[in-house]
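Results of the structural survey
The primary structure of each chain is shown beneath.
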Amino acid sequence: MKIGILGVGNIGKTLAQKFSAGGHDVKVANSRGPESIDAEVLKNGAAATTASEAVRDVDVVIISVPLNRIPDVVPVMSEAPRDALVIDTSNYYPMRDNKIEALEQGQVESVWVAEQLGRPVAKAWNSIGAKSFAINGTPAGTPNRIAIPVAADDPKDRQATMALVEETGFTAYDAGVLAESWRQQPGTPCYCTDVTEDEVEHALATADAARSPKRRELSVAVFAERYNDIMVTPEVDVAARVNRAIFM
Ligand SMILES: NC(=O)c1ccc[n+]([C@@H]2O[C@H](COP(=O)([O-])OP(=O)(O)OC[C@H]3O[C@@H](n4cnc5c(N)ncnc54)[C@H](OP(=O)(O)O)[C@@H]3O)[C@@H](O)[C@H]2O)c1
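This report concerns the structure included in the present document. Every value quoted in this text rests on a predicted model; they were computed, and no experiment measured them.

**Details of the environment of V74**
- Tracing the backbone shows V74 in helix 3 (residues 70-76).
- Accessibility expressed as a relative area gives 28% for V74, which makes it partly exposed.
- Along the chain, V74 and A163 lie 89 residues apart, while their C-alpha atoms are 26 Å from each other.
- Setting aside its immediate chain neighbours within four residues, V74 contacts Q116 and L117.

**Structural notes on the packing of aromatic side chains**
- Scanning the model with the defined rule gives 3 aromatic pairs in all.
- Ring centres 5.8 Å apart and planes at 75° place the aromatic pair F19 and W125 in the edge-to-face group. Separated by 106 residues along the polypeptide, F19 in helix 1 (residues 10-21) and W125 in the loop between strand 6 (122-123) and helix 6 (130-135) bring together distant segments of the chain. For the pair F19 and W125, a shared accessibility class is recorded, and that class is buried.
- Between Y191 and F247, the aromatic rings sit 6.3 Å apart at their centres with planes inclined by 50°, giving tilted as the arrangement. Of the two residues, Y191 is situated in the loop between strand 8 (171-174) and helix 8 (200-205) and F247 in helix 10 (residues 236-247); the sequence distance between them amounts to 56 residues.
- Take F247: its relative accessible area is 1%, and that puts it in the buried class.
- We note K18 situated over the ring of F133; from NZ or CZ to the ring centre the distance is 5.1 Å.
- Over the ring of Y227 we find R226; its NZ or CZ atom is 5.6 Å from the centre of that ring.

**Some thoughts on a nonpolar patch on the surface**
- Taken together, the side chains of M95, I230 and M231 make up a nonpolar region of the molecular surface, amounting to roughly 270 Å² of accessible area.
- Of note, I230 is situated in the loop between helix 9 (212-227) and helix 10.
- The class for I230 is partly exposed, based on a relative accessible area of 35%.

**Quick notes on the side chain of S132**
- Position of S132 relative to the elements: it lies in helix 6.
- For S132, a relative accessible area of 4% corresponds to the buried category.
- Only 2.8 Å separates the side chain of S132 from the side chain of D194, close enough to count as a polar contact.

**Remarks on the site of the ligand**
- Among the 25 residues in the neighbourhood of the ligand, the closest are listed as N10, I11, S31, R32 and V65.
- Contact distances for the ligand include 3.4 Å between an oxygen atom and a backbone N or O atom of G9.
- Relative to its unbound accessible area of 900 Å², the ligand is 83% covered by the protein chains.
- Of the residues contributing to the shell around the ligand, the split by class is 10 nonpolar, 12 polar and 3 charged.

Thresholds applied
- Residues numbered from 1 in each chain as written.
- Predicted model: local features only at pLDDT ≥ 70, side-chain atom pairs only at ≥ 80, totals over all residues.
- Heavy atoms only, no water.
- Helix = DSSP H or I, 4+ residues; strand = E, 2+ residues; numbered from the N terminus.
- Buried < 20%, exposed > 50% of the residue type's maximum accessible area, 1.4 Å probe, protein only.
- Contact = heavy atoms within 4.5 Å.
- Phe/Tyr/Trp six-rings, centres within 6.5 Å; stacked < 30°, edge-to-face > 60°.
- Lys NZ or Arg CZ within 6 Å of the ring centre and 35° of its normal.
- Patch = residues over 30% accessible without salt bridge, like charges linked within 9 Å, V, L, I, M, F, W, Y side chains within 5 Å.
- Areas by Shrake-Rupley, 256 points an atom, 1.4 Å probe, with all protein chains shown as cover.
- Salt bridge = Lys/Arg side-chain N within 4 Å of Asp/Glu carboxyl O.
- Polar contact = N/O pair within 3.5 Å; in protein donor to acceptor, adjacent residues only side chain to side chain.
- Near = heavy atom within 4 Å.
- Nonpolar A, V, L, I, M, F, W, Y, C, P; charged D, E, K, R; others polar.

Listed below in structure tokens is the structure:
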């Protein structure tokens, strides 16, 4: 497949490496230009380019930028084919990003993204911590394989996204329509807790919309205190242990 990835940070970098290693034709872009992209991102054959070029003539666009940068991506996405599958990895962190009023009022994060872009999106890979995503992928059939929920309104988009999630080494779980994807947002039981394929259904079913924003803030505060850095991506075991204690 031809895959364009916007954002080569913690998550986008691993997506680029995994999909290019898997034989896909991968283009990547950040906001500063191709020359600023780390060689490590490109080590398996992904091509660094501009954001507009990354989304042109592709089957799939993966948007992996901070949520408050989505408005910058909107004009770029006019270059993407109308029939391209668009997958959003984003999460809302008002303690780190600018506040977004609609999300403060409880709008589902990826529904807001789809509205900004004016096109359907699937939500995937948002619920796996970046470090776990980089090292914890395993082949299908591995006991206690980590699961990643996938939400999208069109069942074809959901199936296609699930197939890509499986390729990255995780069990894709059908989490239904995008409006239900609040169940995989920060603060919920499946969020950065390394839920296994046996746990994911219960984790999604027991998500608590009213309590998850508070739980999200508590977990950021714990990591900020532990690492003395509000932007930190915690170590794998620490992230899952702390988040399990707060979210599950
Ligand atoms: N970190 C995690 O554990 C984790 C896990 C799951 C999901 N997520 C979510 O996934 C998204 C990405 O997270 P991350 O941790 O990978 O972020 P990150 O490390 O901060 O990287 C963000 C990337 O987005 C790029 N970017 C920003 N604006 C852009 C634009 N207009 N066009 C193209 N690229 C742009 C940045 O490029 P420049 O540096 O050039 O601006 C950078 O490469 C976020 O929404 C986050 O909430 C994160």
